[in-house]
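# Secondary and tertiary structure notes
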Amino acid sequence: MNILLVCSAGMSTSILVEKMRKEAATRGIDASIDAIPESRLKEQTNVDVILIGPQVRYLEGKIKSSVDVPVAVIDNMAYGMMKGDLVLDQALGLVNA
Amino acid sequence: MNKFIEIAGRIGSQRHLVAIRDGFVSVMPLIIVGSLAVLINNFPAVNIGSLSLDFVGSMNNMFGEGNWQGLGGSIWNASFAILGLLIAFSIGYNLARSYGIDGLAAGILSLASYIMLVPVTADWGLNFAWLGAQGLFVAIIVSILVTEMFRYLINTKLTIKMPEGVPGGVTRSFQALIPSMIILTVVAGFQLFMTLVVELSVFEVIFKAIQQPLQGFGDSLPAALVIAFLNHILWFFGLHGTNIIGAVIEPVYLPLIEQNLAAFQAGTSAFDVPYTVTKPFLDAFVFMGGSGTTFALLLAIFIVVRKQRNHPYHQVAKLSTPASLFNINEPVIFGLPIVLNPIMLVPFILVPVTLTIISYVALSTGMVPKTVAIVPWTTPPIISGYLVTGGSVRGVLLQIVNLSIATAMYIPFVMAGAKAMTAEINKNKATTEEGEKIS
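Just so it is clear, the model here is predicted, and its values are computed rather than measured. Going along each chain's sequence as written, the residues are numbered from 1 onward. Chains carry letters and ligands carry numbers; both start at the beginning, A for chains and 1 for ligands, and go up in the order they are written. In view of the model being predicted, local features appear only for residues whose pLDDT reaches at least 70, and side-chain atom pairs are presented and counted only at 80 or more, with totals across whole chains, interfaces and linings using the full set of residues.

### With respect to the overall build of chain B
What counts, and what does not: Secondary structure elements follow DSSP: runs of H or I of four or more residues count as helices, runs of E of two or more count as strands, with numbering from the N terminus. Each residue is classed by its C-beta neighbour count within 10 Å, where at least 20 other C-beta atoms makes it buried, 12 or fewer makes it exposed, and intermediate counts make it partly exposed; the C-beta atoms are placed from backbone geometry.
Within chain B, the regular secondary structure consists of 19 helices and two strands. The principal-axis extents of the C-alpha atoms in chain B amount to approximately 85 × 70 × 40 Å. Expressed as a percentage of its 439 residues, the buried residues of chain B come to 46%.

Pasting the structure below:
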């Protein structure tokens, strides 16, 4: 499964990505998780779910209209506390919904 | 409030503003390298007690006065000195890509149109004065107009049709042909009109009418305060402030630091360069640890809740510190949280506004050298203060003074916030215990 996190520069989100990868590994889930800046979203193919950093939540509508996979904004607190497990749950929930 | 977020969001995702912002982001590595080349060429001697480290002097002794600086000079010429040229291409490229059309073709067309408008010198050279920051606004306007024209012409299908069986690559190479022909002819016609009728280059007109007045206002304390205020009110609502207003800040402020750099390169001391307010000024002296001077907020938290290691504030601060050293502060902004937290609203805006005023006074009265270098915004405080002031300890001292003031200002609000949180935790604990008793 390919999970993509989108924020403005892809910097702060990359901290979260590390935690999510660890969480996925401990759960034995085969997932590729990456963080990219919004400007590079167009180059991405083969994505299963897109999560947006809360600081660029205004991109939600734009991204939703340009892709046909589930898109959601990451919860403020989960993002701030860098809760890799919660965000991974959110991603899995969206894919399985 | 939802209205505010909606409007801010619309600005933050407006296609042309995004293209401008991303255009600047794409050329930033080159700009920083050019700026560092100038800094190294003019690095001041460092005196620690009786020990004197004079890099420039020893290089001059080794290779002959001024010879070695040709290296940095060349880098400058091909980076910051051609900022307008680079921006013309990268905005055209980014805008076209946002429409899903050929970015490379639009970038090249924007670049060609820009060159066409640059005044030619008597010996058939391009005038460097207009290739750089002074031509920035022309670059932005030209690249947007050219790319929009390109998109219109491509969409009208005014392109050469190829018979079936012709390879796709060949078709594509011809697709941009007619639009390019039309656009270049239009721009050349405009240039002819400017030369013969107006008898001025469009660069001079735009520079005097738009760029110069904007820059004059940009270098004032009110402008710096407006930026500090807007940026933080946006972040308070959880929106990426610097990102949203970046498309406006970069074109106004890059030329200011460019002129500081150029003066510094020509031998002016960092105290006497023309402009006080620049992007490095805000990055180094106000946004320490990120927007809201959150580095000071973390210090305040460590001071206030030092005895309660399990307090949520302590945990957030511990989690946020490594990233905050590099001015990345989303963890503390969303985790504490600062977003929509009425207790934190006051210091989060008041601290940067205060620091902007202090720093402005310190630089404009000559207590601290002005900014003469661009460093990546992720450069840690203390190092950044030293580098942006052209290697001055006074820059570091101002950062330390600012951090101390900011920490002191944050402390009462952190105490109030921490207390409220402790009370809430105790209340929750009490209700769960009660619930357990009942069950």
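### Points about the packing of helix H7 (residues 136–155) of chain B against helix H9 (residues 177–198) of chain B
Residue and element names in this part refer to chain B. This is how the line gets drawn: The angle between two axes is taken between their N-to-C directions and runs from 0 to 180 degrees, where each axis is a line fitted to C-alpha atoms and a helix contributes only its stretch in contact. Angular relationships are summarised with four words: roughly parallel below 35 degrees, roughly antiparallel beyond 145, roughly perpendicular across 65 to 115, and oblique for the angles in between. Handedness of a crossing follows from how the near helix is turned relative to the far one, being left-handed for an anticlockwise turn of less than a right angle and right-handed for a clockwise one. By the criterion used throughout, residues are in contact when their C-beta atoms, derived from the backbone, lie within 7 Å. We call Asp, Glu, Lys and Arg charged. Ala, Val, Leu, Ile, Met, Phe, Trp, Tyr, Cys and Pro are nonpolar, and the rest, Gly among them, are polar.
Here H7 crosses H9 at 140°, and the two axes come no closer than 9 Å. The orientation of H7 relative to H9 falls into the category oblique. Crossing of H7 over H9 shows right-handed handedness. Along the contact surface, H7 presents Val146, Met149, Phe150, Leu153 and Ile154, while H9 presents Pro179, Ile182 and Ile183. Counted by class, the contact of H7 with H9 contains eight nonpolar, no polar and no charged residues.

### Overview of the domain arrangement of chain B
Residue and element names in this part refer to chain B. To be explicit about the condition: Each domain's extent is set by a domain assignment, obtained either automatically or from a database.
If you check the domain split of chain B, you get domain 1 (15–218) and domain 2 (221–438). A separation of 32 Å is found between the C-alpha centroids of domain 1 and domain 2. Each partner contributes to the interface: domain 1 provides 27 residues, whereas domain 2 provides 22 residues. Those elements giving two or more residues to the side of domain 1 that touches domain 2 turn out to be helix H2 (15–41), H7 and helix H10 (202–218). Considering only residue class, the side of domain 1 that touches domain 2 consists of 18 nonpolar, eight polar and one charged.

### Some remarks on the interface of chain B and chain A
Quoted interface sizes are often the accessible area lost when the parts come together. Each partner contributes residues to the interface: chain B has 22 residues there, and chain A has 18 residues. For the side of chain B that touches chain A, the elements supplying multiple residues, two or more each, are helix H1 (2–12), helix H15 (312–324) and helix H16 (330–335) of chain B. A total of five residues in the side of chain B that touches chain A trace back to one element, the largest contributor, which is H16(B). Classifying every residue of the side of chain B that touches chain A gives 12 nonpolar, seven polar and three charged.

### Some details on the UniProt feature "transmembrane region" (unreviewed entry) in chain B
Residues and elements named next belong to chain B. The condition is simple: UniProt positions are given in the numbering used here, feature names are shortened, and annotations may be inferred rather than shown by experiment.
Under the UniProt annotation, the feature "transmembrane region" (unreviewed entry) is placed at residues 23–43, 75–96, 103–122, 128–154, 174–194, 284–305, 343–363 and 396–418. From the first C-alpha to the last, residues 103–122 spans 34 Å; its make-up is 75% helix and 0% strand. Overall, residues 284–305 shows 59% helix and 0% strand. The separation of its end C-alpha atoms is 27 Å.

### Quick notes on helix H17 (residues 342–364) of chain B
Helical geometry note: an α-helix holds 3.6 residues per turn, so side chains three or four residues apart project in the same direction. All names here are of chain B. To keep it simple, the criterion reads: To estimate how far a helix should extend, the number of its residues minus one is multiplied by 1.5 Å.
The terminal C-alpha atoms of H17 lie 34 Å apart, and with 23 residues this matches the ideal 33 Å at 1.5 Å per residue to within 8%. Among all positions in H17, only Met344, Pro347, Phe348, Val351, Pro352, Leu355, Thr356, Ser359, Ala362 and Leu363 are buried. Once H17 ends, the next one or two residues include glycine 366, with phi positive near 85°.

### Here's the deal with the nonpolar core
Most often, soluble globular proteins have nonpolar side chains that are buried together. All names here are of chain B. As a reminder, the rule being used: The term nonpolar core refers to a group of buried residues, namely Ala, Val, Leu, Ile, Met, Phe, Trp, Tyr and Cys, whose C-beta atoms join them within 7 Å.
Counting residues in hydrophobic clusters, the biggest one holds 147 residues, and the most contacted among them are Ile87 and Ala296. Mapped onto the domain boundaries, this core takes at least three residues apiece from domain 1 (15–218) and domain 2 (221–438). Those residues in contact with alanine 296, other than ones at most four positions away along the chain, are Met288, Gly289, Val351, Leu403, Ala406, Thr407 and Tyr410.

### A few points about the pairing of strand S3 (residues 49–52) of chain A
Each regular strand carries side chains that alternate between the two faces of the sheet. Residue and element names in this part refer to chain A. To be explicit about the condition: Only strands joined by at least two bridges in the DSSP assignment are considered to pair. A clockwise path from the first strand over the helix to the second, with the strands pointing away from the viewer, defines a right-handed crossover.
The alternating pattern of S3 places Val49 and Leu51 and Ile50 and Ile52 on opposite faces, both of which are buried. Examined bridge by bridge, strand S1 (residues 2–7) and S3 share four bridges and lie parallel to one another. Paired with valine 6 across the strands is isoleucine 52, a residue of S3. Note: S3 against strand S4 (residues 71–73), three bridges, orientation parallel. Bridged to isoleucine 52 within S4 is valine 73. Note on the crossover from S3 through helix H2 (residues 60–66) to S4: the handedness is right-handed.

### Observations regarding the sheet that holds S4(A)
All names here are of chain A. Judged by pairing direction, the sheet is parallel, and its four strands sit side by side in the order S2-S1-S3-S4 without closing on themselves. Single-partner strands in this sheet number two, and they are strand S2 (32–37) and S4. Mean inter-strand twist for the sheet, computed between neighbouring axes without regard to direction, equals 25°. The strands that helix H1 (residues 12–27) touches are S1 and S2; relative to S2, the one it contacts most, it runs at about 175°. Packed on one face of the sheet, helix H4 (residues 84–96) meets S1, S3 and S4 and runs near 140° to S3.

### Topic: the UniProt feature "modified residue: Phosphocysteine" (unreviewed entry) in chain A
All names here are of chain A. With numbering aligned to this structure, UniProt lists the feature "modified residue: Phosphocysteine" (unreviewed entry) at Cys7. By the element assignment, cysteine 7 lies in strand S1. With 26 C-beta atoms packed within 10 Å, cysteine 7 lands in the buried category. Among all residues touching cysteine 7, those that are not within four sequence positions of it are Ser12, Thr13, Ala35, Pro37, Gly53, Gln55 and Val56.

### Here we look at the environment of Tyr79(A)
Relative to the elements of secondary structure, Tyr79(A) occurs in helix H3 (residues 76–80). Note: C-alpha distance between Tyr79(A) and Gln55(A) (24 residues apart in sequence) is 9.9 Å. Those residues within four positions of Tyr79(A) in sequence are excluded, and the remaining contacts are Leu16(A), Gly53(A), Pro54(A), Ile74(A), Glu330(B) and Phe334(B).

### A look at the packing of helix H5 (residues 83–98) of chain B against H7(B)
Two packed helices can be described by the angle between their axes and the distance between those axes. All names here are of chain B. The N-to-C vectors of H5 and H7 enclose an angle of 30°; their axes lie 8 Å apart at closest approach. Between H5 and H7, the angle falls in the class roughly parallel. Along this stretch, H5 crosses H7, giving a crossing that reads as right-handed. In this structure, H5 contributes Leu83, Gly84, Ile87, Ala88, Ile91, Gly92, Leu95 and Ala96 to the contact, and H7 contributes Leu136, Val138, Ala139, Ile140, Val142, Ser143, Ile144, Val146, Thr147, Phe150 and Arg151. Taken together, the residues that form the contact of H5 with H7 break down as 14 nonpolar, four polar and one charged.

### Quick look at unusual backbone geometry
Residues and elements named next belong to chain B. In the segment running from leucine 336 into proline 337, the intervening peptide bond is cis, with an omega of -10°. By secondary structure assignment, the location of proline 337 is in the loop between H16 and H17. Of note, isoleucine 382 is a non-glycine position whose phi angle comes to about 80°, a positive value. For isoleucine 382, the position within the fold is in the loop between H17 and helix H18 (383–388).

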